[in-house]
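# Structure assessment
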Amino acid sequence: MISWADRWAEGSAPGPEATRTRPVRTLDHMPGPSFASFAWDLFAKRGLSRLHELQLEGVQRYGPMWKASFGPILTVHVADPELIEQVLRQEGQHPMRSDLSSWKDYRKQRGHHYGLLTSEGEEWQAVRSLLGKHMLRPKAVEAYDKTLNSVVSDLIAKLRLSRSPHGLVTDITSEFYRFGLEGISSVLFESRIGCLDQAVPEETERFIQSINKMFVMTLLTMAMPSWLHQLFPKPWKIFCQCWDYMFDFAKCYIDQRLTAEAEKVARGEKVEGRYLTYFLSQTGLPMKTVYSNVTELLLAGVDTISSTMSWSLYELSRHREVQASLREEVLTVLKDRRMPEAADVAHMPLLKATVKEVLRLYPVIPANARVITEKDVQVGGYLIPKNTLITLCHFATSRDPAVFPNPDEFHPQRWLNKDQTHHPYASVPFGVGKRSCIGRRIAELELYLALARILIEFDVKPDPEGVSVKPMTRTLLVPENVINLQFIER
Ligand code: HEM
């Protein structure tokens, strides 16, 4: 805490006294690798899949702020909780994540509208306010617990089916992709799409593969200047094909669902949709905006859930004492029930702390970004011109030993110890403020319900032949290798 407080004082925006003694510096004074050496790290040393590690190396070499050119883009890296807070407190009325995204270029080329992930300004604000009513209000989200619980029941049945005679389930991440997609689909369409069936529909499998490939291609297409796209067209082509498939997939489900609804109305039947697509379609937004928003929500709900579920069980299987305490907590709250409800979670502090700890160690979005368009801003004594891409190095801050003692250790209890507080911006896996994750409450509920039920049903053990698994960057942070776990019947 003391070292953090010292750094807070050093890193905070200079007050009048400080500015008199230390003039504000420009980006010319900011340290950082040369274009050539960063490009070498990225392309020749597999840096694109190690971007999270490059954050740690960056802090060691240059301190908490450095600049680097990510392909054609100059970006300022900020890797200190206090400095991240300074950036986010100046993000303005309509925060912008990144101006230069290849995701936006694709939508422009195809004439699609933007969804919540990609839209900006007033357009973003309008949809954010509409969706916020159904996704951010605790009561509205709690109402999804039955829907999500039925998906969790299918997940449990699927895990049972997938087990070897010794209880081993191989590649749990791919099981959880299907769970993530089924979960978010049930919330969006209030109907099931069969991801957890024994034979997964081919189009669902292709949708999941498209997300995976699209994430790999995102970093590559962004790191390549556009003239290189002409010379090496393959990454951009694959990237577009993946998005085409994802947009088609979402459109197909939305049209099916809304047609069924319209037919009911025509028959004079009452329509009582309480799913997100229905709410969106009732707002008067153009259908193209509904399509793009649903596509982006579907996408946002798959890898995020899958990765967090995988790491949670991976760590719990290796920390048997935490697993036992967590199970005890769940069983004590549920008494003779076997199915938790949203309201139960309020009484499960260790469950919440476990998810927090998992997201500290493995933040699904290891680096976020902001572009401040309204004005130049001062951060850590540097003047950053408006429209500069600022990369927020969340992986580095959440593994910083000065903030989190023994940062590489899985220790959920650190979140329960009232004497051990952390800088509030040191681990912010869902982001902070107006542009933070709109799916946070749904995601947390889904994770809590699934983890609680899995621990009631199974004793989760490591694969006796398994190796330790490290994370890798694929735009998102995902397990580098396959994770296999034993699910032993309780
Ligand atoms: C463990 C699960 C998840 C994590 C860690 C996570 C994390 C994040 C983060 C870090 C952001 C960027 C925030 C910012 O820029 O400040 C974000 C944005 C977003 N997330 Fe999530 N997310 C998760 C699950 C979900 C789910 C399940 C959904 C869909 C229901 C979702 C939908 C979105 C959307 C639409 C945005 C863009 C919000 C906007 O720009 O206004 N996320 N998420």
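The rules behind each value
Residues numbered from 1 in each chain as written. Predicted model: local features only at pLDDT ≥ 70, side-chain atom pairs only at ≥ 80, totals over all residues. Helix = DSSP H or I, 4+ residues; strand = E, 2+ residues; numbered from the N terminus. Rg over C-alpha atoms; globule rule 2.2 N^0.38 Å. Buried ≥ 20, exposed ≤ 12 C-beta atoms within 10 Å, placed from the backbone. Contact = placed C-beta atoms within 7 Å. Axes fitted to C-alpha atoms, helices over the stretch in contact; angles between N-to-C directions. Parallel < 35°, antiparallel > 145°, perpendicular 65-115°, else oblique. Nonpolar A, V, L, I, M, F, W, Y, C, P; charged D, E, K, R; others polar. UniProt positions renumbered as here; feature names shortened; annotations may be inferred. Pairing = 2+ DSSP bridges. Near = placed C-beta within 6 Å. Arc of directions from axis to C-beta. Core = buried A, V, L, I, M, F, W, Y, C linked by C-beta atoms within 7 Å.

## Remarks on the overall build of the chain
Looking only at helices and strands, the chain has 20 helices and 11 strands in total. Scaling as 2.2 N^0.38, a compact globule of 490 residues should have a C-alpha radius of gyration of about 23 Å, and the chain matches this with 23 Å. Projected onto the principal axes, the alpha-carbon positions of the chain cover approximately 70 × 55 × 40 Å. Burial statistics for the chain: of 490 residues in total, 43% are counted as buried. Of the contacts made within the chain by residues no fewer than 6 positions apart, 75% connect residues no fewer than 24 positions apart.

## Some details on the packing of helix α17 (residues 320–334) against helix α20 (residues 440–457)
Relative orientation of the contacting elements α17 and α20 amounts to 100 degrees, with a least axis distance of 9 Å. As judged from the angle between their axes, α17 and α20 are roughly perpendicular. Counted together, Q323, L326, R327, V330 and L331 of α17 and A452, L455 and I456 of α20 form the full contact between these two elements. Looking at the contact of α17 with α20, its residues break down into six nonpolar, one polar and one charged.

## Notes on the UniProt feature "binding site: heme" (unreviewed entry) in the chain
UniProt marks C437 with the feature "binding site: heme" (unreviewed entry), using the numbering shown here. If we skip the residues at most four places from it in the chain, C437 touches F430 and G431.

## Looking at the sheet that holds strand β11 (residues 485–489)
The strands making up a sheet are joined through hydrogen bonds of the backbone, oriented either antiparallel or parallel. Strand order in the open sheet made by the three strands is β3-β11-β8, with antiparallel pairing throughout. Lying at the two open borders of the sheet, with one neighbouring strand each, are β3 (168–169) and β8 (458–462). Pairing analysis gives five bridges linking β8 to β11, with the strands arranged antiparallel. Its bridge partner lying in β11, D459 is registered against I488.

## Observations concerning the site of the ligand
Taken together, 26 residues sit near the ligand, with A300, T304, G431, C437 and G439 positioned nearest. Going through the elements one at a time, α15 (287–300), α16 (303–318) and α20 are the ones with two or more residues in the shell around the ligand. Grouping the constituent residues of the shell around the ligand by class yields 15 nonpolar, seven polar and four charged.

## Description of helix α6 (residues 102–110)
Along α6, the positions that sit buried rather than exposed are S102, Y106 and R107. Mapping the buried residues of α6 onto a view down its axis gives an arc of 145 degrees, with all of them on the same face. Packed against the buried residues of α6 are α11 (202–223), α13 (234–266) and α15. Of the residues trailing α6, G111 is marked for its positive phi of about 75 degrees.

## Let's talk about the environment of T295
Along the chain, T295 falls in helix α15. Judged by local crowding, T295 falls into the buried class, with 23 C-beta atoms found within 10 Å. Along the backbone, T295 and I254 are 41 residues apart, and their C-alpha atoms lie at a distance of 9.7 Å.

## Description of the nonpolar core
V78, L351 and A450 are the most contacted members of the largest nonpolar core, which totals 125 residues. Broken down by element, this core gets its largest block of residues, 11 residues, from α20. Among residues more than four places away in sequence, those in contact with L351 are L326, E329, V330, V345, Y448, L451 and A452.

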